[in-house]
Amino acid sequence: MYERIKSFAKSRNEPGNSNVPPGLLEKANEIGRIGVFELNIATGAVYWNNMLREIYEVPDNYIPDFESMLVFCKEEGDRNIMFRAHAEAIEKGSPFEFDIPISTAKGQHRHIWITAQPEFIDDGCHTIYGVVIDITGPKKTEASLLQKKHQWDFAEQLSAIGHWRYNVITTDFEWSDNVYRIYDFDIGTSINFEKYLTHLHPDDRQMVSDITEEFKRTKKFRKFKHRALHRDGSVRTVEMMGSVISSTNNQAIEIFGTIQDITDRIDSQKDLQLKNQLLTFTTEMTKVGYWQWDTVNNQETWSDNLYDMFGREKTGNLTYETYMEYVHPKDVDYVVAQIKKAFEDHEFPIFEHRIILKDGTVKTIQLMGKVFCNEAGEVIEIIGTCQDITESKATQIELLRKNELLNLSNELTNVGYWQWDTVNDVVIWSENLYRIFGRHEKSQLSFATYFSYVHPKDGDMVNQNFEASFKNKAFKSFTHRIVLADGTEKVIELTGKVIANKAGKIVEIIGTCQDITRTKRTEQELIRKNHLLNMAEKIAMIGYWQWNLTDGKIVWSDNLYRISDIEMGTEIDSEKYLASVHPEDREPLRKYMREILQTKKFERFFHRIIKKDGSIRTIEVIGEVIIGKDGRVTEIMGTSQDVTEQRMAEIKFRGLLESAPDAFVVMDTDGIIKLVNKQTENLYGYSSEELVGTNYFDLVPEDLQDLFLLDKERFRNNPFQGPIVPSTNSLYIINKEGNKIPVQISVGPVETAEGLLVTAAIRDITEQKTNEDKILEANRNLKESTDRLTLQNQQLAEFNHITSHNLRAPVSNLNSLLHLYREENSTVKKEALFEKFETVIAHLTLTLNTLIESLKVKNSTAKSTETISLDDTLKKTKEILAAEILNTKAHITSDFKEIPKISYNKIYIESIFLNLIGNAIKYSSENRAPKIEVASYNENGRVTLSFKDNGLGIDLNRHGHKIFGLNKVFHRHPDAKGIGLFLTKAQVEAMGGSISVESQVDVGSTFIIKLN
């Protein structure tokens, strides 16, 4: 690799090259990274050219010596080589060359090649000169090539591949190491065609010879296979590929190529074919199909069994969408989510879903798969299996359903199963039996374990029952008590079956154990409650009844006989019952009973009865309709209660409600209206029938719903906290006609026999609100009058100040001029003084006119307003100031989009625009053209105008307090009079507005007007 470089380096030392232009040599040094050095033996001086300094990475002022070249050597051995080479050059005149690694001055690792030639004068070495070439790059390339060769050799062994060359002329082969291994020759052995044939299978030797001759003849190589025979007798199958090289006279001179041992591949193919056959058979039996999805091109491949599973013909392209066409509509979202998860996690989840075939058949399938990604982590392929699990799923579901029903049945009925191996005394319990006995440890059980739970007082009875079972070979059900470890007593019922062997010996007893504790307690509780119910009926004057419409039989409780004053035990029918009813209520009662049979709904009703002593009692009847399978009423049952006293109290309560001055609404805690008075009907405009039964909160206006719901929650949390009045003065209702009525509402609890009720007192405060509004209006008018008087007083004080200040100077000036005029005798000077009189009088006249105009503006009470277009006003202002705009090249922009029009005094607004825009032009900067921006917008509900310019600006620290004063000017301008801003402020304030200014010297000013 370095031969050309070395020859070039040597040529530099050969005589006759001294005529090479220096520039060319330096360029060659730079391109080839060639450094030049010279060592003077006599003086020890060393010369390095620039490239050598760059190779060693030393600064320009670095002074090299012989030790320098040794210092930069990376290894101690390289320093010794360098030293010995120089010593032999000096002593014997021997030139030298070698390559070594070095470490530069900056710590960089490099590889250099050094060649040097000693020069002798008078039989002594005078100088050693030579070159140093940076070969770091080529050295790395050499190492890389060597590494790749090793990798190639390894790859050949790994893949059982070798490369070869065959010289047609000499019949000799050139093989890589792995070809020797493939043919079982010792590596390095000389191989010719005849020796090569000796290691081929005898049956293939002639074929290989013939094919070789064919290659020579046709000059074309075709891939072929043959067998190699190893020395241990094993046979390997190899495959050859290659190419033929021809001479210029079209004769084959060389054949080269690769060879691969494909024995394992062929064996694998045979094994794969066998496995494929087995797989096909297995998939048909297990109803499994295979699929492959190229996600990049959205192409799917299905196995034959998968086509059969989906009932699809093997035609057309398959895509993801093709598959999704079969997915059950209710499973689509689930399937999409699972596929998405596979793409996100790069792992395919196992999941099941349903498919619908074209003929409507529904199947359940299970998918399994594997995800493949590229180097960028993008999913490129998913492969997997699909199994039809419809039958197994159905069986599984049915089995689970039955197990769940069985477990549920056991839990609902508190039943457990037991099995007693009487020979070995081993007892087995079901899960539920462990729960019944409160036992957690599932250790080995015996009869003694069971008997340890038997209540002591029931032990003899239990023993007698089991002894009878052994004696009679039959198990008779019995009941006894058990005591759990925590002391809890339970009652259980045992049932069982005795199993005997062929000899008639009992070997096993199996059965069930049911916890009937609750049933026993319920029986006792029912007996106790029946006694309590009879007592409650007497106290509450209530009785229950039952009417069977199938046989017409009516059953009454004992207390109902007492309430109706009918002899207890008397057989009751409808006519006998109606005989006790008040004559006025009999027909309505008949009619109501017919409605119940027609509507099949029972609504509570009241009627009166007449007892034997002539007293009249009011009865409240509540019932329930029982409907048979044919949709007909089969039975009606209910209660009848003597509510005479309650009805009288209710009548009295209603009388109180009706006499109340405010509207009253009685409702339950959910807001359902139970009772209203007449004032409520008058206030809301709805009848009592329309209001009762509705939810009061449906009557609450939408914007007050949150407030009322909050108070509702407060009331529920503490109903006895006192009257609840919502914390707002803006409560109102909306009556039936849609009118708003201001109200005050107070809420309170009422405890009744039916439970807690809520009363709401609602007072119409329309008149009160009207009076409040009148008072507030009077207060507003009084405040406005006060503000107006205050403003007028301020304006009067301001006017007095302006008058005294602005008139005193010209009047004093006139007095002085008059005195001078009287004293002066010269006619010429008197004429000059007279001219000054005219000037002073003109200023005085202007001041007086301005003050008069200001008074007119401030005192005007009839300021006519009209709708004014701001664009039109600005246009008129531009027309008036056209000359000034043209002369100053002023640029005026506007933004009236938010508020294009205002209601204002036309003369005032035109004057305001003219004064503010005129001032912006008048006091513009000489350094830039005037730029004026006019805008209108809404700020906190007030129309606001802004006039912004880029003019001279005003020093507000110095002049801010007098900026709107009369005759106040802040810039030297021939037309400045100090009147415009004074009048503008007066006009704005006369319309109830305000004006302010923001300004910065040599930046500009912004006048902001807030209109009323």
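Calculation rules
Residues numbered from 1 in each chain as written. Predicted model: local features only at pLDDT ≥ 70, side-chain atom pairs only at ≥ 80, totals over all residues. Heavy atoms only, no water. Axes fitted to C-alpha atoms, helices over the stretch in contact; angles between N-to-C directions. Helix = DSSP H or I, 4+ residues; strand = E, 2+ residues; numbered from the N terminus. Parallel < 35°, antiparallel > 145°, perpendicular 65-115°, else oblique. Left-handed = near helix turned anticlockwise from the far one by under 90°. Contact = heavy atoms within 4.5 Å. Nonpolar A, V, L, I, M, F, W, Y, C, P; charged D, E, K, R; others polar. Buried < 20%, exposed > 50% of the residue type's maximum accessible area, 1.4 Å probe, protein only. Polar contact = N/O pair within 3.5 Å; in protein donor to acceptor, adjacent residues only side chain to side chain. Salt bridge = Lys/Arg side-chain N within 4 Å of Asp/Glu carboxyl O.

Draft legend 1. Main features of the packing of helix α28 (residues 870-880) against helix α30 (residues 906-922). Orientation of α28 relative to α30, taken along the N-to-C sense of each, is 50 degrees, at an axis distance of 10 Å. Here α30 runs oblique to α28, going by the angle between their axes. In terms of crossing hand, the pair formed by α28 and α30 is right-handed. Taking contact as the criterion, the partners of L870, T873, L874, K876, T877 and I880 in α28 are, on α30, I909, E910, F913, L914 and I917. Split by residue class, the contact of α28 with α30 holds 7 nonpolar, 2 polar and 2 charged.

Draft legend 2. Focus on the environment of T877. Tracing the sequence through the fold places T877 in helix α28. T877 gets classed as buried once you look at its relative accessible area, which sits at 4%. Separated by 35 residues in sequence, T877 and I912 place their C-alpha atoms 9.9 Å apart. Not counting residues up to four positions away in its chain, the partners in contact with T877 are F913, L914 and I917. A polar side-chain atom of T877 sits 2.9 Å from the main-chain carbonyl oxygen of T873.

Draft legend 3. Local environment of the side chain of N465. Note on placement: N465 falls in helix α17 (residues 459-472). Separated by 2.8 Å, the side chain of N465 and the backbone oxygen of M461 make a polar contact. Every residue in contact with N465, bar those within four places of it in the chain, is listed here: K476 and F478.

Draft legend 4. The pattern of salt bridges, seen in detail. Counted under the stated rule, the structure contains 35 salt bridges. Taking the shortest distance from any N to any O, the salt bridge between R227 and D204 comes out at 3.0 Å. Placement of the pair is R227 in strand β9 (residues 224-229) and D204 in the loop between α8 (193-198) and α9 (205-218), with a sequence separation of 23 residues. For R227, a relative accessible area of 28% translates into the label partly exposed. In this structure, K216 and E213 form a salt bridge, with 3.4 Å as the shortest nitrogen-oxygen distance. Within this pair, K216 and its partner E213 are both found in helix α9, separated by 3 residues, close to a single helical turn.

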